[in-house]
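Here are the chains, one letter per residue:
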Amino acid sequence: MEAMYAFFMDTAGMDEMAAHITVAVIMATIMFIVMALCAIIFTWMERKVAGFLQSRYGPMRTGRWHGWAQAVADMLKILGKEDIIPAEADKPYFIFAPLLVLLGSLLAWAAIPWAPGFVAADLDLGLFYIFAVTSLVVLGILMAGWASNNKWALYGAARGAAQMVSYEIPLLLATIPVVLYTGSLNTQDIVIAQQGGVLNWFVFRDPFLFIAFWMYFIASIAETNRGPFDMPETESELVAGYHTEYTGMRFAFFFLAEYANLFLVSMIAVMVFLGGWWSPIPGLDFAPAACFVVKGVLMVFLNMWVRWTLPRVRVDQLMHLCWKVMIPVTLVCVVGAGIWMMASGAVG
Amino acid sequence: MLEKYLPVLLVLAVAMIFAAVFLGLSFWLGPRRPNAQKNSTYECGIPVRGSTHIRFFVRFFLVAIFFLLFDLEAVFLYPWVLLFQPMLAAGQGIFALAEMGVFVLVLVVGFVYVWRKGGLEWQ
Amino acid sequence: MTADLIFVLLALLTLVPAVWVAFSRNIVHAGFSLLLTLLGVAGLYAYLGADFVAVTQVMVYVGGVLVLILFTVMMTRVPQNGRPRHGLDRFVPAAVFALGVFGLLYKTITAVEWAASEGAVEPTTAEIGTNFITSYIFPFEYVSLVLLAAMIGAAILIRERRPEETEEPAAPAPETEEEVAS
């Protein structure tokens with residue numbers, strides 16, 4: 001980032017504002033491309049992982065080697081699909097909803113620190129900002145369900161919104177113990193505080209953080225509306241949930257946003273609990289961004305593993321788990337981490 | 001402050017441009033052959049019954065209220081959390097914990113009350 | 001120059017949907033328009049250097065209050081496709097209330113001496129926290145009591161809604177309400 005500023009200001013002769021804008025546009029473009037790539041790679045990965053977990057192959061034909069080109073072919077095909085807007089739909093809101101879902105997750109991506117200094121929006125309130133803008137996704141889902149004017153879509157949206165707002169609380173509370181240690185919400189500061197090998201990652205700092213990490217992981221699955229918490233899309237009851245009426249590119253936006261959100265929550269887990277760009281062995285940090293992405297993909301794999309292993313829970317079980325188990329436990333983690341810090345005299 | 005939040009605005013703009021490009025591409029490549037059947041509301045192939053906009057279950061409303069309360073609690077926690085380290089270093093750890101402890105405890109009292117009144121049951 | 005342009009854009013983002021909120025005949029459309037207004041206000045806070053308030057605005061108002069409003073609007077039985085009833089009996093109290101709020105806001109805005117901030121704006125969160133534990137410690141603890149009151153209010157709402165819910169005649173599509181309930 002610094003090098004980019006220097007390049008645009010010195011070599012290209014821009015003033016500071018223009019350099020800022022140029023760098024931000026470049027970062028945003030990179031982000032969007034990475035996001036699209038993520039959707040393509042994770043779709044293929046999801047189908048392969050599901051296949052192997054269920055003793056079958058998954059896609060095998062397109063592109064010869066293990067059907068690697070399957071998702072690319074799907075993406076190209078979806079471009080040529082008809083865009084149907086139902087006659088009963090509320091047109092402007094129907095069109096705006098997928099964009100809102102996509103924007104919510106892309107805005108959150110902007111604060112992810114890929115490597116030292118390499119972050120699109122380096123905000124003092126980074127982590128708080130991420131949780132705030134993801135609430136746009138909830139509204140996008142509600143809007144999609146309502147504007148579709150379809151019963152399945154509306155139920156899916158209502159369930160999705162209720163589930164996402166409920167699980168946002170344990171998600172938030174689970175990260176608070178970490179902020180106690182860092183004393184900063186800036187995403188880079190949180191990662192920098194975990195320097196020095198695997199034992200300095202926050203997940204292993206104290207027992208409360210270890211519990212908080214698993215609480216975060218469970219809440220993040222629910223937050224992305226994926227199995228075993230995929231109530232909003234239960235195909236056996238609600239057809240496809242809030243995106244029942246969407247076709248073609250608009251459906252692709254929801255799809256893109258789902259995988260973008262999946263990678264987002266995994267990257268937040270890596271950033272907050274699993275040492276961000278630091279490698280597990282101290283002193284081997286020659287490829288920080290690669291390290292970050294590899295850890296993120298491993299978290300995504302864990303997420304997929306859970307999705308294809310556990311059966312779907314019922315709605316009342318879902319709410320029971322959130323309100324009666326996870327919120328009390330995460331509250332205990334916050335207080336416990338504070339007491340632990342005071343007792344052990346740990347600072348920094 | 002402005003230049004810190006400027007990237008956020010630009011990310012928004014870039015995302016809009018990309019989304020428009022993809023929608024335009026699909027508009028240009030895709031067929032458009034609408035008919036009454038295709039454009040009708042999808043209800044698994046059978047004719048649509050009744051109105052879509054029925055009343056929601058009251059529980060959704062309560063979930064939103066409880067979310068709002070806990071959300072506010074988290075918002076109030078953040079400034080305190082950022083100050084915990086400096087206060088620990090200054091030897092005011094007990095005071096910091098007690099202050100937040102009282103705040104959280106009052107909410108926990110309400111939470112327990114709602115729990116015992118059955119406010120957290122979905123059925 | 002750029003800063004002024006951004007201010008104008010944010011102000012438009014706040015005001016145009018606000019007009020739509022006031023004049024839209026469809027109550028759900030009004031709710032969704034509120035989204036842009038609230039985001040515009042958050043943008044204005046960020047523009048003025050109040051980063052914590054800006055993010056809180058998005059978090060609480062967009063993520064919480066707006067979802068609550070939309071659930072409430074969708075939960076009520078809406079006559080004729082979401083169009084509220086109009087008449088003089090509604091118009092007069094609404095006008096009186098709106099004028100009262102306007103007068104209060106106007107008085108506040110003109111009464112306060114606004115200090116123009118100079119130079120670089122510092123992050124505000126730590127300062128807010130410091131105020132919580134020093135001069136505003138009692139208001140801070142009162143906030144928890146306010147939240148407690150709201151929670152107890154919600155709990156009473158459950159008890160009162162319950163019998164009503166069972167006595168309620170079945171909605172147009174009874175099996176669908178079951179569906180939402182599950």
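Residues numbered from 1 in each chain as written. Chains lettered and ligands numbered in written order. Predicted model: local features only at pLDDT ≥ 70, side-chain atom pairs only at ≥ 80, totals over all residues.

Trainee: Any details on the overall build of chain A? Residues and values, ideally.
Mentor: Per the secondary structure count, chain A includes 13 helices and zero strands. Each helix and strand of chain A, ordered N terminal to C terminal, gives the series α-α-α-α-α-α-α-α-α-α-α-α-α. A globule of 348 residues ought to have a C-alpha radius of gyration of about 20 Å, and chain A, at 21 Å, matches this closely. Seen through its principal axes, chain A has C-alpha atoms that stretch 60 × 55 × 40 Å. (Helix = DSSP H or I, 4+ residues; strand = E, 2+ residues; numbered from the N terminus. Rg over C-alpha atoms; globule rule 2.2 N^0.38 Å.)

Trainee: A description of the overall build of chain C should follow, citing residues and the corresponding values.
Mentor: Counting its secondary structure elements, chain C contains seven helices and zero strands. N-terminal to C-terminal, the α/β element order of chain C is α-α-α-α-α-α-α. Within chain C, the proportion of its 182 residues that are buried is 26%. (Buried ≥ 20, exposed ≤ 12 C-beta atoms within 10 Å, placed from the backbone.)

Trainee: Account for unusual backbone geometry, naming residues and giving values.
Mentor: Residue and element names in this part refer to chain A. With phi around 55°, serine 55 is a residue other than glycine that occupies positive phi space. Mapped onto the elements of the fold, serine 55 is located in the loop between α2 (16–53) and α3 (70–79). Its identity is not glycine, yet asparagine 225 carries a phi of approximately 55°, on the positive side. Relative to the helices and strands, asparagine 225 is located in the loop between α9 (207–223) and α10 (235–238). C-beta crowding within 10 Å serves as the criterion here: with 24 such atoms nearby, asparagine 225 is assigned to the buried category.

Trainee: I'd like a description of the packing of helix α4 (residues 91–109) of chain A against helix α11 (residues 248–272) of chain A, backed by residues and values.
Mentor: Residues and elements named next belong to chain A. The geometry of α4 relative to α11 is characterised by a closest axis approach of 9 Å and an angle of 25° between their N-to-C directions. It follows from the interaxial angle that α4 and α11 lie roughly parallel. In this structure, the crossing between α4 and α11 has a hand that is left-handed. Of the residues in α11, those touching α4 at Pro98, Leu99, Val101, Leu102, Ser105, Leu106, Ala108 and Trp109 are Arg250, Phe253, Phe254, Leu256, Ala257, Ala260, Asn261 and Leu264. Of the residues that constitute the contact of α4 with α11, the class distribution is 13 nonpolar, two polar and one charged. (Axes fitted to C-alpha atoms, helices over the stretch in contact; angles between N-to-C directions. Parallel < 35°, antiparallel > 145°, perpendicular 65-115°, else oblique. Left-handed = near helix turned anticlockwise from the far one by under 90°. Contact = placed C-beta atoms within 7 Å. Nonpolar A, V, L, I, M, F, W, Y, C, P; charged D, E, K, R; others polar.)

Trainee: Pulling in residues and values, what's your account of the packing of helix α13 (residues 315–344) of chain A against helix α4 (residues 93–116) of chain B?
Mentor: Relative orientation of the contacting elements α13 of chain A and α4 of chain B amounts to 170°, with a least axis distance of 10 Å. When the axis of α13 of chain A is compared with that of α4 of chain B, the two are roughly antiparallel. Contacts from Leu331, Val335, Gly338, Ile339 and Met342 of chain A of α13 of chain A reach α4 of chain B at Gly93, Leu97 and Val104 of chain B. Classifying every residue of the contact of α13 of chain A with α4 of chain B gives six nonpolar, two polar and no charged.

Trainee: Account for helix α2 (residues 27–47) of chain C, with residues named and values stated.
Mentor: An α-helical turn contains 3.6 residues, so a residue and the one three or four places further along point in the same direction. All names here are of chain C. Compared with an ideal rise of 1.5 Å per residue, which puts 21 residues at 30 Å, α2 spans 30 Å between its outermost C-alpha atoms and is within 8% of the ideal. Extensive coverage of α2 is indicated by the burial of 15 of its 21 residues. Glycine 49 occupies a position one or two residues after α2 and carries a positive phi of about 90°. (Expected span 1.5 Å × (residues − 1).)

Trainee: Go over the environment of leucine 35 of chain C, please, and point to the residues and values.
Mentor: Tracing the backbone through its elements, the reader meets leucine 35 of chain C in helix α2. For the pair formed by leucine 35 of chain C and glycine 64 of chain C, sequence separation is 29 residues and the distance between their alpha carbons is 11 Å. Residue contacts for leucine 35 of chain C: discarding those within four places in its chain leaves Leu139 of chain A together with Val62 and Leu66 of chain C.

Trainee: Would you mind going over the interface of chain B and chain A in detail, with residue names and values included?
Mentor: Taken together, the contact between chain B and chain A spans 52 residues of the former and 64 residues of the latter. Of all elements in the fold, only α1 (2–29), α2 (36–39), α3 (58–89) and α4 of chain B reach the threshold of two or more residues within the side of chain B that touches chain A. In terms of residues, the side of chain B that touches chain A owes the most to one element, α1 of chain B, which gives 18 residues. Looking at the side of chain B that touches chain A residue by residue, the class counts come to 36 nonpolar, nine polar and seven charged.

Trainee: Lay out the domain arrangement of chain A with the relevant residues and their values.
Mentor: Residue and element names in this part refer to chain A. Each assigned domain of chain A is listed here: domain 1 (1–80) and domain 2 (82–344). Between the C-alpha centres of domain 1 and domain 2 there is a distance of 19 Å. Taken together, the contacts link 20 residues of domain 1 with 21 residues of domain 2. Elements supplying a minimum of two residues to the side of domain 1 that touches domain 2: α2 and α3. Tallied by class, residues from the side of domain 1 that touches domain 2 come to 16 nonpolar, two polar and two charged. (Domains from an automatic or database assignment.)

Trainee: Tell me about the environment of arginine 159 of chain A, and name the residues and values.
Mentor: Residue and element names in this part refer to chain A. Its place among the elements puts arginine 159 in helix α7 (residues 151–182). For arginine 159, a count of 29 C-beta atoms within 10 Å gives the class buried. Distance in space between the C-alpha atoms of arginine 159 and asparagine 225 is 9.8 Å, their sequence separation being 66 residues.

Trainee: Tell me about the nonpolar core, residues and numbers included.
Mentor: Counting residues in hydrophobic clusters, the biggest one holds 197 residues, and the most contacted among them are Leu106 and Ala260 of chain A together with Val11 of chain B. Residue contributions to this core peak at 23 residues, all from α3 of chain B. In contact with valine 11 of chain B, other than residues within four places in its own chain, are Ala28, Met31, Leu106, Leu107, Ala110, Ala120 and Ala121 of chain A. (Core = buried A, V, L, I, M, F, W, Y, C linked by C-beta atoms within 7 Å.)

Trainee: If you had to explain the environment of serine 344 of chain A to someone new, which residues and values would you point to?
Mentor: Within the fold, serine 344 of chain A resides in helix α13. Residues serine 344 of chain A and valine 137 of chain A, spaced 207 residues apart in sequence, show a C-alpha to C-alpha distance of 40 Å.

Trainee: Let's hear about helix α5 (residues 125–133) of chain C: which residues, and what values?
Mentor: Every buried residue belonging to α5 of chain C is among Thr125, Ile128, Gly129 and Phe132 of chain C, and all of these are buried. An end-on view of α5 of chain C places all buried positions within 100° of arc, on one side of the element. (Arc of directions from axis to C-beta.)

Trainee: Give a description of the confidence of the model for chain C that names residues and reports values.
Mentor: Residues and elements named next belong to chain C. Predicted confidence across chain C gives a mean pLDDT of 75, with 74% of residues reaching 70 or more. The lowest-confidence element of chain C is helix α7 (residues 174–181), averaging 38 in pLDDT; the highest-confidence one is helix α4 (residues 88–111), averaging 88. In this model, residues 163–182 is a region of pLDDT below 50 whose contacts with residues beyond four sequence positions or in other chains number 20 contacts. Note on the complex model: pTM 0.84, ipTM 0.83. (pLDDT = per-residue confidence, 0-100.)

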